[in-house]
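Listed here are the chains, written in short residue letters.
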Amino acid sequence: MPQLKPTWIARAKLFDVKMASGVPLTDADRWPWLALVGQALADTGAAGTGLIIACSALKRVYRDAIVAAAPNVRFVHLAGTLDVVGNRHERRSEHFMPPVLLRSQLAALEELHDDEPGLSVGIDWPVSNVVTESNARLGAPKLPASVHIGVGQVGLPVVRVNGPASAAAVYLQGAHMTS
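Residues numbered from 1 in each chain as written. Predicted model: local features only at pLDDT ≥ 70, side-chain atom pairs only at ≥ 80, totals over all residues. Heavy atoms only, no water.

### Observations concerning the overall build of the chain
Tallying secondary structure elements over the chain gives 6 helices and 6 strands in all. Mapped in sequence order, the helices and strands of the chain form the string α-α-α-β-α-α-β-α-β-β-β-β. Split into buried and exposed, the 179 residues of the chain put 29% on the buried side. Pairs at least 24 apart in sequence give 50% of the contacts found in the chain among residues at least 6 apart. Taken as a whole, the chain presents about 10900 Å² of accessible surface, with 59% of it coming from carbon and sulfur. (Helix = DSSP H or I, 4+ residues; strand = E, 2+ residues; numbered from the N terminus. Buried < 20%, exposed > 50% of the residue type's maximum accessible area, 1.4 Å probe, protein only. Contact = heavy atoms within 4.5 Å. Areas by Shrake-Rupley, 256 points an atom, 1.4 Å probe, with all protein chains shown as cover.)

In structure tokens:
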């Protein structure tokens, strides 16, 4: 599993501080992060490996920048109503974004267009159904036995990966790696 580079960590801390204070991110805040996302996807694609990044690429122009860096990328838009997303957000006890910013995030959201590489999946289902549907529609292979999708702390969905040399726990809401 790749190590997070200091530039990723510094950028994430900037987001944490700004959003925790109730200030939405601007395009200027997002561009360096999106460049890092595009580069990471391009690097792993060139290496012949895959990478999944949870990223709020809310606008078409953001996704176009990622595609420019990594032409083989595919997006999965997790679609849900304000009520569903709000209820899930409220259950996140240790997240940096206050609920007051949720409406601004959804207002900025531009859903995937037909000519963009990706698909939209509803999040009204249990997480395991969302993952299964996403994999099937992307034509992805079945998850290996070392990958388990389940429920973690305070009922949040988590993916646990156990390998011969390491293990990881990644929470799907916000893509926070906790171990």
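There's plenty left to go through after this.
### What about the packing of aromatic side chains?
Following the criterion strictly, the structure yields 1 aromatic pair and no others. Ring geometry for tryptophan 31 against tyrosine 62: centres 5.4 Å apart, planes inclined by 90°, an arrangement best described as edge-to-face. Of this pair, tryptophan 31 sits in helix α2 (residues 27–46) while tyrosine 62 sits in helix α3 (residues 60–69); the two residues are 31 residues apart in sequence, bridging distant segments of the chain. On the accessibility criterion, tyrosine 62 (2% relative accessible area) is buried. (Phe/Tyr/Trp six-rings, centres within 6.5 Å; stacked < 30°, edge-to-face > 60°.)

### Observations concerning the pairing of strand β2 (residues 118–122)
Looking down a regular strand, the side chains alternate between one sheet face and the other. In β2, alternate side chains face the same way, and those of Leu119 and Val121 are buried while those of Gly118, Ser120 and Gly122 on the opposite face are not. As defined by bridge partners, strand β1 (residues 75–79) adjoins β2 across 5 bridges and the pair is classed as parallel. Bridge pairing in β2 links phenylalanine 75 to glycine 118. (Pairing = 2+ DSSP bridges.)

### Topic: the side chain of histidine 77
Relative to the assigned elements, histidine 77 resides in strand β1. Ignoring any residue separated from it by four or fewer positions in sequence, one finds histidine 77 in contact with Leu109, Glu111, Leu112, Leu119, Ser120 and Val121.

### Remarks on the pattern of salt bridges
Tallying each qualifying case throughout the model produces 6 salt bridges. One salt bridge connects aspartate 64 with arginine 60, and the closest N-O pair in it is separated by 3.1 Å. With a gap of 4 residues between them, aspartate 64 and arginine 60 both fall in helix α3, about one helical turn apart. Classification of aspartate 64 as partly exposed rests on a relative accessible area of 38%. Under the relative-accessibility criterion, arginine 60 is labelled partly exposed at 22%. Arginine 137 is the salt-bridge partner of glutamate 133, the closest N and O atoms lying 3.8 Å from each other. Separated by 4 residues within a single helix, glutamate 133 and arginine 137 lie in helix α6 (residues 127–138), roughly one turn from each other. (Salt bridge = Lys/Arg side-chain N within 4 Å of Asp/Glu carboxyl O.)

### A few points about α6
Two residues of an α-helix separated by three or four positions point the same way, owing to the 3.6 residues in each turn. With 12 residues, α6 extends 16 Å between its outermost C-alpha atoms, agreeing within 8% with the 16 Å of an ideal straight helix rising 1.5 Å per residue. All of the buried residues in α6 are Val127, Val130, Val131, Ser134 and Asn135. For α6, the angular spread of buried residues about the axis comes to 125°, placing them on one side. In this structure, α6 carries Thr132 and Ala136 as exposed residues pointing more than 90 degrees from its buried face. Residues of α6 that are buried make contact with β1, β2, β3 (147–151) and β4 (157–162). (Expected span 1.5 Å × (residues − 1). Arc of directions from axis to C-beta.)

### With respect to the environment of leucine 109
With respect to the secondary-structure elements, leucine 109 resides in the loop between α5 (102–108) and β2. On the basis of relative accessible area, leucine 109 is assigned to the partly exposed category, the value being 25%. Aside from chain neighbours lying at most four places away, what touches leucine 109 is Leu58 and His77.

The quantities given are spatial measurements derived from coordinates; they are silent on function.
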